[in-house]
Amino acid sequence: MDDRPRNLREMLATAKDKSELMVDLAYAALFFGDPDMAEEIADLEEEMSHLVHDMRGVCVMAVRHPRESEGMSSVLQVISAIERIANDAVDIARIVTHKLGIPAELVADLSAAEEVSHRVLVSPLSRLTHRPLRDHELPVQTGMRVMAVRRQHWITDVDGDTVLIPGDVLFLRGSPDGIGPLRDLAGAEPWEAPQLPEDPFVTDLDRAVDVLVEMKNLSEVAVGLAYSALVLADLGLAAEVRHIEDRLDEMKDRLELWVLRAASEKVDPSPLRGLLHLSQAAEDIGDQAQAMVWLIEKQEDVHPILELALGDSDEVVIRVPVRAGSEADGRLLSELRLNIEPGFTVLAIRRGEQYVYRPRGRARLVAGDELIASGPDEGRELLARRCGWRLLDPDGDGEMELEPVSA
């Protein structure tokens, strides 16, 4: 394990990225019914366990005076939340490895979610081969990011230096709008999402599936907003995370009732176990997001290394206002297609003192709105420019400032 990160900042950034990768792979394993991918999550859990153990040891050793303990306890709380999120990913993967089953309706609904999992075979004629991934800027060009590569073995530590070869199977996550451009780059045949026959009758099982897809989306938003709240020290975002967690609790209660009702409607009960298992994992992910923002809500001392580490991960969080007269001013999110170019997911829009979290494509931006979005580091300058700003780093310390783009 000599390649483990050596300092706490790097360890935290790695743990955050690894836990998110595990959740992404778990949902992908569920969507594709892929036990090999689910088994890979168990290996990642082992790596995460070592990482968490090392981080806790570093935290204990770093406290040299009682007054330092409160700040370091905030780091330990975030470490515990990240560990629990990784454990929830393992629980989701067990639906596949333990063959708990899920209804076909859920697979179809997952393909229409705001962010989807996808896999594609890289053909010999693909434009993706024999060049580093960074050259293709897939998150910017397609709105999808590579989570893992299956070659003769699994590659989960995917970065900009990874070089693809013909025959690689890519597992990606991102906007469903990016599937077409992605498959074109990979030299693959067009793909159609799984469809179910139209049914005019809405059953309790249909309701449960719809709620579960929404729970999945909300739990992921809660985690993204929690990291944003920590980086930005934003009480408003922390309150939104708590509101989402309350909604997740209510949705889980409703889902359990509908699943029990569905079991009495001559529905095969086997897949229903998977629904209950998945709802518990999604609700717990929301709980961990709330555990992180508790530090902000209670105005506890938050160690500065959290801001540094969480801003140092594969995806960055950026807060940028919409400037009057900019490309974004007055436009619908669906028209801007920010999830394709620059590859950013809008976690929330702040308008006055209110937040709209995970806004839909029909949301119209106006001057003065403030976007809170996450995406690839290489895309943040373009996002700022489309909102009417130029990013500057005057002191060279990574603290970015906004300068209006001249007309």
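1. Overview of the packing of aromatic side chains
The tally for this structure, following the rule as stated, stands at 3 aromatic pairs. On the numbers, 4.9 Å between centres and 85° between planes, the contact of Phe31 with Phe32 is edge-to-face. One exposure class covers both Phe31 and Phe32, and it is buried. Between Phe32 and Phe171 the ring centres are 6.2 Å apart and the planes differ by 80°, which places this aromatic pair in the edge-to-face class.

2. A few points about the pattern of salt bridges
Should the charged atoms of two oppositely charged side chains come close, the side chains can pair. For the structure on display, the rule yields 23 salt bridges. Taking the shortest distance from any N to any O, the salt bridge between Asp369 and Arg351 comes out at 2.5 Å. In this pair, Asp369 is assigned in the loop between strand S7 (354–357) and strand S8 (370–376) and Arg351 in strand S6 (residues 345–351), connecting sequence segments 18 residues apart. Accessibility expressed as a relative area gives 41% for Arg351, which makes it partly exposed.

3. Considering the nonpolar core
If you look at the biggest cluster of nonpolar residues, it comprises 114 residues, and the most contacted ones within it are Leu12, Met55, Val75, Leu106, Leu225 and Leu275. The element that contributes the greatest number of residues to this core is helix H8 (residues 204–232), accounting for 17 residues. The residues contacting Leu12, other than those within four sequence positions of it, are Met55, Val75, Ile79, Ile305, Leu306 and Ala309. Counting residues in hydrophobic clusters, the runner-up holds 19 residues, among them Val320, Leu336, Ile349 and Ala373.

4. Focus on the pairing of S7
The two faces of S7 differ: Tyr355 and Tyr357 on one face are buried, but Gln354 and Val356 on the other face are not. Across 4 bridges, the pairing between S6 and S7 is antiparallel. Within S7, the position partnered with Arg350 by the bridge is Tyr355. Here S6 folds back onto S7, and the loop between the two strands holds 2 residues, one of which, Gly352, carries a positive phi near 70°.

5. Structural notes on the sheet that holds strand S2 (residues 144–150)
With antiparallel pairing, the 4 strands of this open sheet are ordered in space as S1-S4-S2-S3. Each edge of the open sheet is held by one strand with a lone partner, namely strand S1 (116–121) and strand S3 (154–155). Where S2 and strand S4 (residues 169–174) come together, 6 bridges link them in antiparallel fashion. Among the inter-strand pairings, Met144 is bridged to a residue of S4, identified as Gly174.

6. What to know about the pairing of S2
Within S2, 5 of the 7 residues are buried, leaving the element largely enclosed by the surrounding structure. Bridge count between S2 and S3: 2 bridges; the pairing is antiparallel. Within S3, the position partnered with Arg150 by the bridge is Trp154. Between S2 and S3, which pair antiparallel in sequence order, lie 3 residues.

Rules behind the numbers
- Residues numbered from 1 in each chain as written.
- Predicted model: local features only at pLDDT ≥ 70, side-chain atom pairs only at ≥ 80, totals over all residues.
- Heavy atoms only, no water.
- Phe/Tyr/Trp six-rings, centres within 6.5 Å; stacked < 30°, edge-to-face > 60°.
- Buried < 20%, exposed > 50% of the residue type's maximum accessible area, 1.4 Å probe, protein only.
- Salt bridge = Lys/Arg side-chain N within 4 Å of Asp/Glu carboxyl O.
- Helix = DSSP H or I, 4+ residues; strand = E, 2+ residues; numbered from the N terminus.
- Core = buried A, V, L, I, M, F, W, Y, C linked by side-chain atoms within 4.5 Å.
- Contact = heavy atoms within 4.5 Å.
- Pairing = 2+ DSSP bridges.

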